[in-house]
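Descriptive analysis of the structure
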Amino acid sequence: MRSRFRFLPVLALLAPLTLSQHAFAQPADDPGDEEGETIVPTDEGDDEPPPDDKQPDDKKPDDKKPDDKKPAGGGDDSGYDLEEYSDEEMGETDLSEKPEAGKGALTGTVRDTKYEEPLVEAEVEVVGTGTKVFTDVNGQFRLDLKPGTYTIRIAYDAHYTQRLDGIVITGGKIAKLDIKLRPDEKAVETFVVETKADTSGLAGLTLTRQRSAAMGDSVGRGEISKTPDKDAAQAAQRVVGATIVDGRFVYVRGLGDRYANAQLNGAPLPSPEPDRQAVPLDLFPSLVLESLTIAKTFTPDKPGDFAGGSVRIKTRDLPEEFLFKASLGVGFNTQATFHDRLSYRGSNTDWLGFDGGTRQLPDIPDYKLSRTTRKPDGEFITQDELTANGRKINSFMSAQEKFTLPSHSASVVVGKTWKLGQEQKLGLVGSLNYSRSWEVIEDRIRRKFDYNDTEERLDLLADLREQSGKEKVRWGAFGTLTYQISRNHKITLTGLRSQSSDDTARVLQGFFETRQAILTSTRLQFISRVLNFGQLQGEHTFEDANRGLLEWNLSLAKAFREEPDTRDTVYKGQPDGSVVYIDGSESGSHFYADQSETSIGAGIDYTQPLSEDQESAKVKFGGLVSTRDREFDSRRFAFRRRPGSPDDSFVCESWRLDCPDKLFTQDNIGDVIQLDETTFDNDAYTAGLDVYAAYVMSDTALTDWFRVIVGERIEITRQNISSFDPFSPDDRAVSTDLKSTDMLPSLGLVFDTSKKTKLRFSATRTLARPQLRELAPFTFSNYFGGYSEAGNPDLKLTKITNLDARFEWYPTLEEIVATSVFYKYFKDPIEQTVQSAGDDGLYTYQNSESAKLVGFEVEGRKSLGFLSKSLSDFSAVANATIGISTVTLSDANDFSTSRERPLSNQPPFTINAAIDYSSKDNGIKARLLYNVIGKQIVAVGFEGLPDVYQQPRHQLDFVVAKDFGEHLELKFSAANLLNSPFRRTQGKGDDDESVMDEYTTGMDFSIGAGYTY
């Protein structure tokens, strides 16, 4: 007979929720005269309940008579000791939510009599109605029933079943019944696992956090479903200690994306932003998430390339029931919507995030097109060839004004599980999401300074004002297909495609000191990014080996970045008010760049419990191989004035957006202006990053209150870059190889100081690798007159020593208060530098000698019901991080202006605070979120030029959602309500004279509707 009852299997390694050893009782002699309803699993058939008068000893009919019992809630005639929830208990858990109209509720906890442990996934059935529920990870259950008298049956594997008659439910009342089941010492060992406990709820994730080997926090599907969050980025705002930047990227403990990594279902996840370490979390709709965890400490079974936090995304695999949700939204921006914006003539597929061919590099020769170079056959390039190819490249160079529509978005999520017979299941979850928005910036301040070492002061080289318009398109497709072969074996295939683009038109105007003139420049730029990611993974549990767990994964990713035909023109103002075209390589220019990247990964992990009590001791070992190859190629062109050409084609009576249209005509190519290729010698490069890792660790409970997690990981890094002339790749190649073998040890100590408190200590070593773009010597400029940017092929890995201590207090399974102290030592930290170089200036990267960071963190999540019963629907989430860092510089070859300063991109404080409201009665969910990050260095000043500081910016967001019936939800959000400026200064002071970049983006308001089946 196959048992109908559920049993909790082994969950993820870092948060197992398993039964204690007593649940695996061995067969023994016949129970003899033991009274009670005994359920013994057999090979087939259904359980047959024994006669109703058979009760366990602690529930004999003779001992408990209905007439002798206190009524439930003080007013019913139940035959059992039912209690109504007190005011103090109200609001602590979902058990206290008011019953539905016309119903009452029965809630309680099911425990084991021998060990006093909550029984997870115990079945609580209302006999004769078909209604049944299963207890959660805290052994709790809730039944909402119409008023009446019921018989309740409670069953659990290897325990005696109880049947309780005469349970009276009163309308509008919440009755509580705590139940204890006795272990059946004679139960057989074999039973069938039908499902696992739900760990996506707040209580389950809190237990997961308590039992985790690493310090961190999570938000799960159960909690996300109660919020208006539509994607993982919004959900991550609810993770204590996380800060979301640009609405997409997560920073932890104030450390930037350099010190974070991301994993999808246990495997490293590449970023669709090829020049960033961080993964944009808005790729993942909230409905496809099982949980999102941010770990703040390292354990050897995870990649060691982080110091701030590791973002671990787990997606749903087997939906319990059919899943369908579709949503639509529109948005209003106070600076953009219904305003005119700068734009230009583009492609008819721009709304899909890719160019339809309008901007693509035309069919031209693959040798350098310049009068000063020879073709491969040794002949000089003729004027006719330059004219013909120039007409192919020539395109519209002028910006236009266009009306800006409201932003809009749409998404759909579908999921279903099919039972294939026996224990086999097939589950599918898929999603599509799309968004299109616009950004308008007016009067952005752009300044450039130079250090005058003679007079020891800053000179203003350029004082510009920028007007810009940007169209942003984001869409993605995500899907998982899971095949459960049996209860112990599962294979999952995951696919992801991300497509994004930024289409920008920009006009800058201002005074240039070195040219003693007012210049006006126009830039038209389109950048598209694509990520295709596929992952195959398996999970296999071996019953005969104490439920040993084997996990493996294979992944393949292809990323592309295209920048087709970025165009610049520059005009110089004249005393009479006219403007004249500047003849130079930076004007009348066309830039084409293509970047492709392939990543392949494979990992395997095996966990072996050393006894049937799987929590007492286990070892884990495994390895990871990851390869990453990038190819980058670019070409630069400019139209130069032909000697003797007439002046009138280069002059406009006054500056207008369409001034370039007068010059850049097909008839003028070859006669008035001619093509000249200006591609640099290092405008192409190939790069690779290969990582080979292996680890072993143990997790041992030495006593009931003391746990030790210890292990070591070895990571072998092979990183290389070769830059070369695109036309002579073998002649001028410059190669750099970075090789390193690193031992990354980890020691964690966990003390259970009480049932609700824990004390954790952790000592680990991690690392941070240079990004491939940071190694490439390729040079580019974000705008005319701005600083150039280039990589540094001499960068080294950063080695990091981490010490952490944390005290955690869990007042309830839905609340936490924690304080942490941490220390980090960085060897060779990588920092961006800004160097004064006359009229140009340069952003690049360098290794400082070392840095130290000491930090304190306090975090909490608390229901406000303890203040007043009227606040039971409100909760507060807050965290604050204080960090004090210092950098040690090399006296020999470090030319930093500030000899004593903090580590770059490390703010002195970070504060996140939120108030949440959720009411089941009125179907309203809301959140008010505040964030501020302290003043921080974003670029280190060199040779007298002060450091560049990002000044604090206060952010306030609000979102509210309302349910209308069971299927429809309306949502309103207001973001950036303070509209604080983004402000960078040359130097620490926050005065107007030192501002080098300042702008606002406007307030965003949106309304959306979602339908859930």
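As shown above, the structure is provided for reference.
Predicted, not measured: the structure shown is a model, and the values here were computed from it.

**Considerations on the overall build of the protein**
Regarding its fold elements, the protein presents 6 helices and 51 strands. By residue count, 55% of the 1013 residues in the protein fall in the buried class. Pairs at least 24 residues apart make up 71% of the contacts formed inside the protein by residues separated by at least 6 positions. Here the protein displays about 42100 Å² of accessible surface, and carbon together with sulfur accounts for 52% of that area.

**Comments concerning the sheet that holds strand β7 (residues 162-169)**
For sheets, the rule is that strands pair by backbone hydrogen bonds, running either parallel or antiparallel. A sheet is described by the order of its strands in space; here 4 strands give the open sequence β4-β3-β6-β7, paired in antiparallel fashion. Only two strands of the sheet have a single partner each, and these edge strands are β4 (131-134) and β7. Averaged over all pairs of adjacent strands, the angle between their axes in this sheet comes to 25°, without regard to strand direction. Bridging between strand β6 (residues 148-155) and β7 involves 6 bridges; their strand directions are antiparallel.

**Remarks on the packing of aromatic side chains**
Taken as a whole and assessed by the stated rule, the structure comprises 21 aromatic pairs. The interplanar angle of 20° and the centroid separation of 4.8 Å between the aromatic rings of F706 and F751 together place this pair among those described as stacked. With F706 in strand β32 (residues 706-724) and F751 in strand β33 (residues 734-751), this pair connects stretches of sequence that are 45 residues apart. The interplanar angle of 20° and the centroid separation of 6.4 Å between the aromatic rings of F972 and F1005 together place this pair among those described as stacked. Linking F972 in strand β48 (residues 968-975) with F1005 in strand β51 (residues 1004-1012), this pair joins segments that are 33 residues apart in sequence. Judged by its relative accessible area of 26%, F1005 falls in the partly exposed class.

**A closer look at helix α4 (residues 383-393)**
Buried within α4 we find Q383, L386, T387, N389, G390 and I393. Tucked inside the fold, the buried residues of α4 contact β27 (589-609), β28 (617-641) and β30 (673-677).

**Re the environment of N847**
The topology assignment puts N847 in strand β40 (residues 842-847). Along the primary structure N847 and K827 are separated by 20 residues, whereas in three dimensions their C-alpha atoms are 8.8 Å apart. When near neighbours in sequence (up to four residues on either side) are disregarded, N847 contacts D794, L795, K796, T798, D828, P829 and I830. A polar side-chain atom of N847 sits 2.7 Å from the main-chain amide nitrogen of K796.

**So, the nonpolar core**
Ranked by size, the top nonpolar core spans 30 residues in total, and within it L281, F284, L292 and I313 carry the most contacts. Among the elements of the structure, α3 (232-236), β12 (249-252), β13 (260-264), β15 (289-295), β16 (309-315), β24 (517-542) and β25 (548-573) are those that each provide at least two residues to this core. It is α3 that provides the largest number of residues to this core, a total of 4 residues. The contact partners of I313, leaving out residues within four places of it in the chain, are Q263, L264, N265, L281, F284, L289, S291 and L292.

**Notes on the pairing of strand β41 (residues 850-863)**
Examined bridge by bridge, strand β38 (residues 816-827) and β41 share 12 bridges and lie antiparallel to one another. Residue V821 lies in a different strand from β41, and its bridge partner there is F856. Summarising the sheet, β41 and strand β42 (residues 874-888) pair through 14 bridges and their orientation is antiparallel. By the bridge assignment for β42, E857 is matched with T881.

**Quick word on the state of the cysteines**
Inspection of the entire model under this criterion finds 1 disulfide. C652 shares a disulfide with C659; S-S distance 2.4 Å. Accessibility expressed as a relative area gives 4% for C652, which makes it buried. Look at C659 and you get buried, because its relative accessible area is 1%.

**A closer look at the side chain of D350**
Positionally, D350 belongs in the loop between β18 (340-343) and α4. Beyond its immediate stretch of four places on either side in the chain, D350 contacts D355, R359, V473, S501, D503 and F526.

**Some words on the pairing of strand β22 (residues 457-486)**
Relative to β22, strand β21 (residues 424-452) runs antiparallel, the two being bridged by 26 bridges. Paired with K448 across the two strands is A462, which belongs to β22. In sequence, β21 turns back onto β22 through a hairpin of 4 residues, with E456 there showing a positive phi of about 55°. Both β22 and strand β23 (residues 489-512) contribute to a ladder of 24 bridges, which runs antiparallel. Opposite S486, over in β23, you have H489 as the bridge partner.

**A closer look at the environment of S616**
Tracing the backbone through its elements, the reader meets S616 in the loop between β27 and β28. When its relative accessible area of 22% is taken as the criterion, S616 is described as partly exposed. Every residue in contact with S616, bar those within four places of it in the chain, is listed here: S611, D699, T700 and A701.

Conventions we followed
- Residues numbered from 1 in each chain as written.
- Predicted model: local features only at pLDDT ≥ 70, side-chain atom pairs only at ≥ 80, totals over all residues.
- Heavy atoms only, no water.
- Helix = DSSP H or I, 4+ residues; strand = E, 2+ residues; numbered from the N terminus.
- Buried < 20%, exposed > 50% of the residue type's maximum accessible area, 1.4 Å probe, protein only.
- Contact = heavy atoms within 4.5 Å.
- Areas by Shrake-Rupley, 256 points an atom, 1.4 Å probe, with all protein chains shown as cover.
- Pairing = 2+ DSSP bridges.
- Axes fitted to C-alpha atoms, helices over the stretch in contact; angles between N-to-C directions.
- Phe/Tyr/Trp six-rings, centres within 6.5 Å; stacked < 30°, edge-to-face > 60°.
- Polar contact = N/O pair within 3.5 Å; in protein donor to acceptor, adjacent residues only side chain to side chain.
- Core = buried A, V, L, I, M, F, W, Y, C linked by side-chain atoms within 4.5 Å.
- Disulfide = S-S within 2.5 Å.

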